[in-house]
Amino acid sequence: MVTLAEVAQHAGVSASTVSYVLSGKRSISATTRLRVEQSIRELGYHPNAGARALASSRSNIIALMVPLRTDMYVPVMMEIAIAVATTARTHGYDVLLLTGEEGPDAVRRVTGSGLADAMILMDVELDDERLPLLRGTDQPSVLIGLPADTTGLTCVDLDFRATGALCVEHLAMLGHRDIAVIGEAPAVYERHTGFAERTLDGLRSRAQELGVRLLHRPCEGGYDAMAVTLARILDERPGTTGFVVQNESAVEPLLALLRQQGRAVPEDVSVVAICPDQVAVQASVRLTSVAIPAQEMGRYAVEHLVAKLDGRGTDEVVLIAPELTVRASTGPAPARAS
């Protein structure tokens with residue numbers, strides 16, 4: 001491995017000058033800096049991470065807290081995590097992935113150990129237990145998600161309230177007056193997870209404004225659970241002609257069950273999904289959907305965090321506007337319903 005002394009010899013400067021160029025602790029002339037940086041590139045020098053952390057009081061690591069729960073759609077979570085990691089790398093940071101359900105203990109571990117320079121938190125609940133610790137530390141942090149109180153926090157998320165409203169508006173414009181919402185697993189609502197609660201709030205508020213009847217039923221996902229949920233919906237609201245699905249694992253079972261019952265999509269019933277584009281376009285009926293902007297969420301979170309680390313960032317809430325893409329799963333309500 002190339003050493004710092006070898007870089008210094010190649011650049012014709014002292015080892016301390018190379019160290020100052022790397023740490024930025026002292027002013028170095030532009031000519032000397034360029035010569036040292038060229039030597040670093042030509043020799044392929046990589047500073048020792050431990051030594052660099054000691055010298056700069058920074059680890060150049062971002063901690064990403066993403067609890068991998070069985071009731072969440074992991075591919076979306078991991079897509080966001082990959083976006084965080086790749087964006088962080090472009091800014092010179094590596095990512096430490098914390099996947100356990102440790103809650104406040106994970107925040108204490110990061111802030112107390114110096115493991116990372118900053119934190120990004122996912123799977124945010126409305127009254128998240130981690131937030132008092134974040135507000136009480138000087139360590140920069142960003143939430144991918146929106147709690148009930150955003151005071152003193154930086155948050156990035158899809159505007160899920162507007163997403164719910166957009167789904168209802170689309171179906172109402174097509175004449176659907178009875179809409180059923182197939183939601184996430186019950187545990188997601190029991191934890192008051194922010195994205196699910198805000199979507200439901202948007203759905204209900206806009207449905208009331210438009211005079212549309214709305215029924216919400218959580219669902220574990222999978223064929224058996226979806227069969228029970230659909231039977232309950234049609235028993236309670238037999239005139240249901242519109243479905244909004246916010247549960248990726250329930251999408252294909254719902255479409256299969258509707259086919260078995262002789263309910264054609266979109267001639268008899270319409271289906272709108274809140275899901276990644278890949279899920280929507282690969283379904284047995286190409287779904288009208290609002291996409292989850294995972295790449296943007298991860299990228300924006302890192303960019304705001306790096307700005308904070310550089311002393312440029314301020315606390316703010318960034319909500320990404322939803323976009324609904326119309327495909328083959330929605331159409332005018334049947335004449336008897338409209």
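If you're wondering where the values come from, they're calculated on a predicted model, not measured in any experiment. (Residues numbered from 1 in each chain as written. Predicted model: local features only at pLDDT ≥ 70, side-chain atom pairs only at ≥ 80, totals over all residues. Heavy atoms only, no water.)

**Observations regarding the pairing of strand β4 (residues 141–144)**
Part 1 of the reasoning: Where burial is concerned, the two faces of β4 agree: the one with Ser-141 and Leu-143 and the one with Val-142 and Ile-144 are both buried.
Part 2 of the reasoning: Bridging between strand β3 (residues 118–121) and β4 involves 3 bridges; their strand directions are parallel. Note that in β4 the partner of Met-119 across the bridge is Ser-141.
Part 3 of the reasoning: Relative to strand β5 (residues 155–158), β4 runs parallel, the two being bridged by 2 bridges. (Buried < 20%, exposed > 50% of the residue type's maximum accessible area, 1.4 Å probe, protein only. Helix = DSSP H or I, 4+ residues; strand = E, 2+ residues; numbered from the N terminus. Pairing = 2+ DSSP bridges.)

**Structural notes on the sheet that holds strand β2 (residues 94–98)**
Part 1 of the reasoning: Strand order in the open sheet made by the 6 strands is β2-β1-β3-β4-β5-β11, with parallel pairing throughout. Strands with a single pairing partner mark the edges of an open sheet, and in this sheet they are β2 and β11 (317–320). Averaged over all neighbouring strand pairs, the angle between strand axes comes to 20 degrees, with direction disregarded.
Part 2 of the reasoning: Where strand β1 (residues 61–65) and β2 come together, 5 bridges link them in parallel fashion. Paired with Ile-62 across the bridge in β2 is Val-95.
Part 3 of the reasoning: Its contacts with the sheet place helix α5 (residues 74–90) against β1, β2, β3 and β4, and it is angled at close to 155 degrees to β2. (Axes fitted to C-alpha atoms, helices over the stretch in contact; angles between N-to-C directions. Contact = heavy atoms within 4.5 Å.)

**Brief notes about the domain arrangement of the protein**
Frequently, the measure chosen for interface size is the accessible area that the parts lose on association.
Part 1 of the reasoning: Its domain assignment divides the protein into domain 1 (4–47), domain 2 (61–158 + 294–320) and domain 3 (160–292).
Part 2 of the reasoning: Each of domain 2 and domain 3 was reduced to a C-alpha centroid, and the two centroids are 29 Å apart.
Part 3 of the reasoning: If you look at the interface, domain 2 gives 16 residues, while domain 3 gives 18 residues.
Part 4 of the reasoning: Overall, the association of domain 2 and domain 3 removes approximately 1500 Å² of surface from exposure, summing both partners, and the carbon and sulfur fraction of that is 60%.
Part 5 of the reasoning: The largest contributions to the domain 2 side of the interface with domain 3 come from Asp-71, Tyr-73 and Leu-158, which together make up 39% of the buried area.
Part 6 of the reasoning: Inspection of the region where domain 2 meets domain 3 yields 2 salt bridges.
Part 7 of the reasoning: Notably, a salt bridge pairs Asp-71 with Arg-191, separated by 2.8 Å at the nearest N-O pair.
Part 8 of the reasoning: At the surface where domain 2 touches domain 3, the tally comes to 7 residue pairs in polar contact (both at pLDDT 80 or more).
Part 9 of the reasoning: Residue assignment for the side of domain 2 that touches domain 3 shows that the elements contributing at least two residues are β5 and α14 (294–309).
Part 10 of the reasoning: For the side of domain 2 that touches domain 3, the class distribution of residues is 11 nonpolar, no polar and 5 charged. (Domains from an automatic or database assignment. Buried area = accessible area lost by both parts, 1.4 Å probe. Salt bridge = Lys/Arg side-chain N within 4 Å of Asp/Glu carboxyl O. Polar contact = N/O pair within 3.5 Å; in protein donor to acceptor, adjacent residues only side chain to side chain. Nonpolar A, V, L, I, M, F, W, Y, C, P; charged D, E, K, R; others polar.)

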